[in-house]
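# Chains, contacts and geometry: an overview
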Amino acid sequence: MQTDKIPEQRLIEKIRQLIPEQVVLVENFIDSLSEQNEDYNLTLAATKLSEATLQKIWDNPEDAEYDQL
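Thresholds applied
- Residues numbered from 1 in each chain as written.
- Predicted model: local features only at pLDDT ≥ 70, side-chain atom pairs only at ≥ 80, totals over all residues.
- Heavy atoms only, no water.
- Helix = DSSP H or I, 4+ residues; strand = E, 2+ residues; numbered from the N terminus.
- Buried < 20%, exposed > 50% of the residue type's maximum accessible area, 1.4 Å probe, protein only.
- Areas by Shrake-Rupley, 256 points an atom, 1.4 Å probe, with all protein chains shown as cover.
- pLDDT = per-residue confidence, 0-100.
- Patch = residues over 30% accessible without salt bridge, like charges linked within 9 Å, V, L, I, M, F, W, Y side chains within 5 Å.
- Salt bridge = Lys/Arg side-chain N within 4 Å of Asp/Glu carboxyl O.
- Lys, Arg positive; Asp, Glu negative; His and termini not counted.
- Charge placed at Lys NZ, Arg CZ, Asp CG, Glu CD.
- Expected span 1.5 Å × (residues − 1).
- Bend = angle between axes of the 7 residues up to and from the residue.

### Some points on the overall build of the protein
Helix and strand counts for the protein stand at three helices and zero strands. Walking the protein from its N terminus toward its C terminus, one meets helices and strands in the order α-α-α. The buried share among the 69 residues of the protein stands at 0%. Split by element, the accessible area of the protein, about 6700 Å² in all, is 58% carbon and sulfur.

Structure representation (structure tokens):
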């Protein structure tokens with residue numbers, strides 16, 4: 001798809017204009033963004049995995065009495 005390549009090409013052109021030290025900064029920033037994505041995905045996966053267990057804990061007769069208050 002040509003439209004998908006346009007932003008990528010713009011970024012490549014901009015990166016090529018940077019000095020080497022700035023390229024390292026850009027790379028570090030991209031790595032940081034990737035780590036954030038990984039952290040978010042791990043948190044989301046852990047949340048999904050715990051939903052069934054937490055549902056069993058929260059939905060019980062004893063707590064239902066407190067819900068009525």
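### So, the confidence of the model for the protein
When the pLDDT values of the protein are averaged, the result is 86; 88% of them are 70 or greater. Across the protein, the secondary-structure element scoring lowest on mean pLDDT is helix H3 (residues 61–67), at 70, and the one scoring highest is helix H2 (residues 20–58), at 91.

### Quick notes on a nonpolar patch on the surface
Taken together, the side chains of Leu11, Ile15 and Leu18 make up a nonpolar region of the molecular surface, amounting to roughly 230 Å² of accessible area. When you line up the elements, Ile15 lands in helix H1 (residues 2–16). On the basis of relative accessible area, Ile15 is assigned to the partly exposed category, the value being 31%.

### Brief notes about a negative patch on the surface
Where like charges cluster on the molecular surface, the negative patch consists of Glu27, Asp31, Glu35, Glu38 and Asp39. A residue is classified by how much of its surface remains accessible, and Asp39, at 48% relative accessible area, is partly exposed.

### Regarding the environment of Glu27
Along the chain, Glu27 falls in helix H2. For Glu27 and Ile15, which are 12 residues apart along the polypeptide, the C-alpha to C-alpha distance reads 9.9 Å.

### Structural notes on H2
Given 3.6 residues per helical turn, the α-helix brings residues three or four places apart onto the same face. The terminal C-alpha atoms of H2, which comprises 39 residues, lie 55 Å apart, in line with the 57 Å expected from a rise of 1.5 Å per residue. Of all bends in H2, the biggest is about 45°, found at Glu51.

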